[in-house]
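Reading the structure
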Amino acid sequence: MQAHRTQEGATAPFYFPQGDEREVFAAAQANGLPLLLKGPTGCGKTRFVAHMAAQLERRLYTVACHDDLSATDLIGRYLLKGGETVWVDGPLTRAVREGAICYLDEVVEARKDVTVVLHPLTDDRRILPIDRTGEELEAASGFMLVASYNPGYQNILKTLKPSTRQRFLAIEFDFPNPEQETEIVAVESGLPAQRVAPLVRLAGKLRGLKGQDLEEGVSTRLLVYCATLIRQGMPVERAIRAAMIEPLTDDEDVKRGLLDLVTAVFG
Ligand code: ADP
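Residues numbered from 1 in each chain as written. Predicted model: local features only at pLDDT ≥ 70, side-chain atom pairs only at ≥ 80, totals over all residues. Heavy atoms only, no water.

Take the site of the ligand next. Neighbouring the ligand are 16 residues; F16, G42, T46, R47 and E188 lie closest to it. Between the ligand and R221, the relevant distance is 3.0 Å, taken from an oxygen atom to a side-chain nitrogen or oxygen of the residue. Here the ligand, which alone exposes 570 Å², has 91% of that area covered by the protein. Every element with two or more residues in the shell around the ligand is listed here: α2 (45-55), α7 (178-189) and α9 (220-231). Residues that form the shell around the ligand fall into these classes: seven nonpolar, five polar and four charged. (Near = heavy atom within 4 Å. Polar contact = N/O pair within 3.5 Å; in protein donor to acceptor, adjacent residues only side chain to side chain. Areas by Shrake-Rupley, 256 points an atom, 1.4 Å probe, with all protein chains shown as cover. Helix = DSSP H or I, 4+ residues; strand = E, 2+ residues; numbered from the N terminus. Nonpolar A, V, L, I, M, F, W, Y, C, P; charged D, E, K, R; others polar.)

As structure tokens, this is what we get:
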């Protein structure tokens, strides 16, 4: 399981706001309310949470959810250490004890028993029952639960149940507008903005194909990868193929169609 912690007091990682999401996050955190971030993959949700945690000087525990992730992984387990059985807190329990922020990335991927754990934490009780130890932890002041999910996948088995989602405030994310995205990609990659702009234009065209030829459009993350390769000296078309075409599809016909779009934008 991937969980990592950000030390409080660290300088906040660069984040270009799309609107008033920072104010909503800060208000949620101040009032102990859980927050759901909805939006496509690679549009800045994780970066936003890292930025806000640093700004608000809160520790951050990030958990990348997957279909094998269980409540035990979040809460903790008994482990054998030097012949002794000791209880080891999971990332959620640590965040609850310390008053930290716990970010469950792609929460719908996790096993069903995870939602059961989240319910008493996301209402006004703010408690985490730990069956194995018999403890019932009250969340320390400052604790905040943040979860993200991508509504675009439209998998009926992998949506959040209304009884769960209605416990969270929610913010919708989308890809930044072209001016914002150009600035973000320029800052992140170091490639000058005038060289980033046509890549952003191309991304806009590729996103237009979502639902027809492509399941998902190009993410801001892939644009950053592409610009990084170009800044390192890779020819533009090669970088586009590696970062903006091959990751999107395996279908040779679709790839050819996408390359035609590249020619249309870059001439
Ligand atoms: P998500 O969590 O939505 O899948 P990330 O937060 O990991 O996406 O974003 C992917 C990358 O895109 C980040 O590492 C960062 O380089 C860039 N990025 C996207 N949006 C922003 C933004 N608003 N400000 C700064 N960087 C951004």
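Time to look at the packing of aromatic side chains. Counted according to the given criterion, the structure contains four aromatic pairs. Residues F48 and F173 carry aromatic rings whose centres are separated by 5.4 Å and whose planes lie at 55 degrees to one another, so their mutual orientation is tilted. With a gap of 125 residues between them, F48 in helix α2 and F173 in the loop between β10 (169-172) and α7 connect regions that are remote in the sequence. Comparing F48 with F173 shows no difference in burial state: the two are buried. On the numbers, 5.1 Å between centres and 70 degrees between planes, the contact of Y78 with W87 is edge-to-face. Residue Y78 is classed as partly exposed on the basis of its relative accessible area of 40%. An aromatic cluster is defined as three or more aromatic residues linked by ring pairs; in this entry it consists of Y15, F25, F48 and F173. When the ring centre of F175 is taken as origin, the NZ or CZ atom of R207, which lies over that ring, is 3.9 Å away. (Phe/Tyr/Trp six-rings, centres within 6.5 Å; stacked < 30°, edge-to-face > 60°. Buried < 20%, exposed > 50% of the residue type's maximum accessible area, 1.4 Å probe, protein only. Lys NZ or Arg CZ within 6 Å of the ring centre and 35° of its normal.)

Let us look at the environment of E183. Structurally, E183 is set in helix α7. E183 sits in the partly exposed class, given a relative accessible area of 39%. With 14 residues separating them in the primary sequence, E183 and A197 have C-alpha atoms 8.9 Å apart.

A word on the pairing of strand β6 (residues 101-105). Here β6 lies mainly inside the structure; five of its five residues are buried. Where burial is concerned, the two faces of β6 agree: the one with I101, Y103 and D105 and the one with C102 and L104 are both buried. In this sheet, β6 lies alongside strand β3 (residues 60-64) in parallel orientation, the contact comprising five bridges. By the bridge assignment, A64 is partnered in β6 with D105. Two elements, β6 and strand β9 (residues 144-149), share four bridges in a ladder whose sense is parallel. Bridging from a neighbouring strand, Y103 pairs with V146 of β9. (Pairing = 2+ DSSP bridges.)

Turning our attention to unusual backbone geometry. Residue E57 is not a glycine yet carries a positive backbone phi of 55 degrees. Relative to the helices and strands, E57 resides in the loop between α2 and β3. The backbone of R126 shows a phi angle near 50 degrees, a positive value even though the residue is not glycine. With respect to the helices and strands, R126 occurs in the loop between α5 (113-121) and β7 (127-130).

Looking now at the confidence of the model for the protein chain. Per-chain confidence: the protein chain averages 91 in pLDDT, with 94% of residues scoring 70 or above. Complex prediction metrics read pTM 0.91 and ipTM 0.99. (pLDDT = per-residue confidence, 0-100.)

What follows covers the UniProt feature "domain: CbbQ/NirQ/NorQ C-terminal" (unreviewed entry) in the protein chain. The positions UniProt marks with the feature "domain: CbbQ/NirQ/NorQ C-terminal" (unreviewed entry) are residues 181-265. With 71% helix and 0% strand, the stretch residues 181-265 has end C-alpha atoms that lie 17 Å from each other. (UniProt positions renumbered as here; feature names shortened; annotations may be inferred.)

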